[in-house]
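# Commentary on secondary and tertiary structure
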Amino acid sequence: MAVSPVCVTDTARALSCRDSKAATHLKLISVLIIFFTSVLGISSPVLLARYFHGKPLYDKAILVIKCFAAGVILSTSLVHVLPDAYDALSDCQVASKHPWKDFPFAGLVTLIGALLALFVDLTASAHVEHSHGHGGEMKQSVEYTPVGTQEEIVGKKVGELSKVELGEKGGEEDLMKLKQRLVSQVLEIGIIFHSVIIGVTMGMSQNQCTIRPLVAALAFHQIFEGMGLGGCIAQAGFSFGTVAYMCFMFSVTTPLGIVLGMIVFSLTGYDDNNPNALIMEGLLGSLSSGILIYMGLVDLIALDFFHNKLMNSTPWLKKTSFIALTVGSTAMSILALWA
């Protein structure tokens, strides 16, 4: 027979830490700090990629940055987002009630998030390949009627073959570029979910003892997470306007989440320990975690380490990329000590 969790709190410490005025002051400061650290984090790999652009090491540098990003994203999903989602749904105020005590909803919604990311990936890839496929079929269906001397005919045939090969190569590059853009966009959606949850939870909190260490920890958290997303954006080859828009959206999401959390608290009185708030945090966190796990393992790590011709043809680059992956995941995991 399952025993319901019992809520045990240190009342004296809880009362001394709950100071709405001090908490509001800390949250307003955190909005500015987190915004500027987010800008720093996401713009660094983008600017670094532009610096290397046109240089011999450009492709290799971008690949190493992307592997570092993959480590950050994977660690974010498994070490930060998923444990927080489980904690929210296993809180005594939630886990003691039906149906939350009867089923591991955090795991289920994480699975749904991964399947949803796969569905989006498959649908978009099929659409892209279908669009390019029609163009290829039209080119191949054009009949070639040889006219002229034998030497002229041979020359024309060689020229046509070269054009077909160049067209196929260009088509593959276009497909890869579109795939990278899709990965970056879906990845940003998953990260934005996560950032909103962090911001709203912090904005609803009235516990200054919790908020104070969170400000510094979240600042570093946003730097590393921004570097992860920025690395993917840099490789995708977006236009300047799109890059600026994606960087701006990442940078403002957590600060806006904090402001939204403060508004929710002022209107409803719900704080971050309210059962309804915990349920929403747990479900959204689980969904975000599933999306990030899929993107990190399938579209970042597996794609580069097993299907990237440049990495497979350069042994030292594969070793360097693996080290970058390990460094990214380790750096993000260490932050779990504080946030």
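The structure contained in this document is the topic of the report that follows. All of these numbers come straight from a predicted model, not from anything done at the bench.

### A look at the overall build of the protein chain
Scanning the protein chain from N- to C-terminus turns up eleven helices and zero strands. Put simply, the protein chain runs from its N terminus to its C terminus through helices and strands in the order α-α-α-α-α-α-α-α-α-α-α. Expressed as a percentage of the 339 residues in the protein chain, the buried residues total 42%. By sequence separation, contacts in the protein chain at least 24 residues apart represent 86% of the contacts at least 6 residues apart.

### Thoughts on the nonpolar core
In terms of nonpolar packing, the biggest core is built from 41 residues, with Leu 187, Ile 191, Phe 224, Leu 229, Ile 233, Met 295 and Leu 300 touching the most fellow members. Listing elements by their share of this core, those giving two or more residues are helix H2 (20-52), helix H3 (58-89), helix H6 (150-204), helix H7 (208-236), helix H8 (240-268), helix H9 (275-307) and helix H11 (315-334). Counting residues per element, this core draws most heavily on H3, which supplies nine residues. With near-sequence residues (within four places) excluded, Leu 229 lies in contact with Ile 42, Ser 184, Leu 187, Glu 188, Ile 191 and Phe 250. Residues Ala 23, Ile 34, Ile 211 and Met 262 belong to the second largest nonpolar core, which totals eleven residues.

### A word on the environment of Cys 232
For Cys 232, the position within the fold is in helix H7. Distance from Cys 232 to Leu 63, taken between C-alpha atoms, is 9.3 Å for residues 169 residues apart in sequence. Residue contacts for Cys 232: discarding those within four places in its chain leaves Ala 69, Ser 184, Leu 187 and Leu 300.

### A few points about the environment of Leu 182
Along the chain, the position of Leu 182 falls in helix H6. Spatially, the C-alpha atoms of Leu 182 and Ala 236 are 8.5 Å apart, while their sequence positions differ by 54 residues. Non-local contacts of Leu 182, meaning those with residues more than four positions away in its chain, are made with Asp 121, Ala 124 and Ser 125.

### Points about H9
Between the first and last C-alpha of H9 there are 45 Å, a value that for 33 residues agrees with the 48 Å anticipated at 1.5 Å per step. In H9, a bend of some 35 degrees at Ile 301 exceeds every other bend along the element. Counting buried positions over the 33 residues of H9 gives 24, a clear majority of the element.

### So, the packing of H3 against H9
It is at 8 Å that the axes of H3 and H9 come closest, and there the two elements cross at 155 degrees. In terms of their interaxial angle, H3 and H9 are classed as roughly antiparallel. Crossing of H3 against H9: the hand is left-handed. For the contact of H3 with H9, the class distribution of residues is 21 nonpolar, eight polar and five charged.

Rules used throughout
Residues numbered from 1 in each chain as written. Predicted model: local features only at pLDDT ≥ 70, side-chain atom pairs only at ≥ 80, totals over all residues. Heavy atoms only, no water. Helix = DSSP H or I, 4+ residues; strand = E, 2+ residues; numbered from the N terminus. Buried < 20%, exposed > 50% of the residue type's maximum accessible area, 1.4 Å probe, protein only. Contact = heavy atoms within 4.5 Å. Core = buried A, V, L, I, M, F, W, Y, C linked by side-chain atoms within 4.5 Å. Expected span 1.5 Å × (residues − 1). Bend = angle between axes of the 7 residues up to and from the residue. Axes fitted to C-alpha atoms, helices over the stretch in contact; angles between N-to-C directions. Parallel < 35°, antiparallel > 145°, perpendicular 65-115°, else oblique. Left-handed = near helix turned anticlockwise from the far one by under 90°. Nonpolar A, V, L, I, M, F, W, Y, C, P; charged D, E, K, R; others polar.

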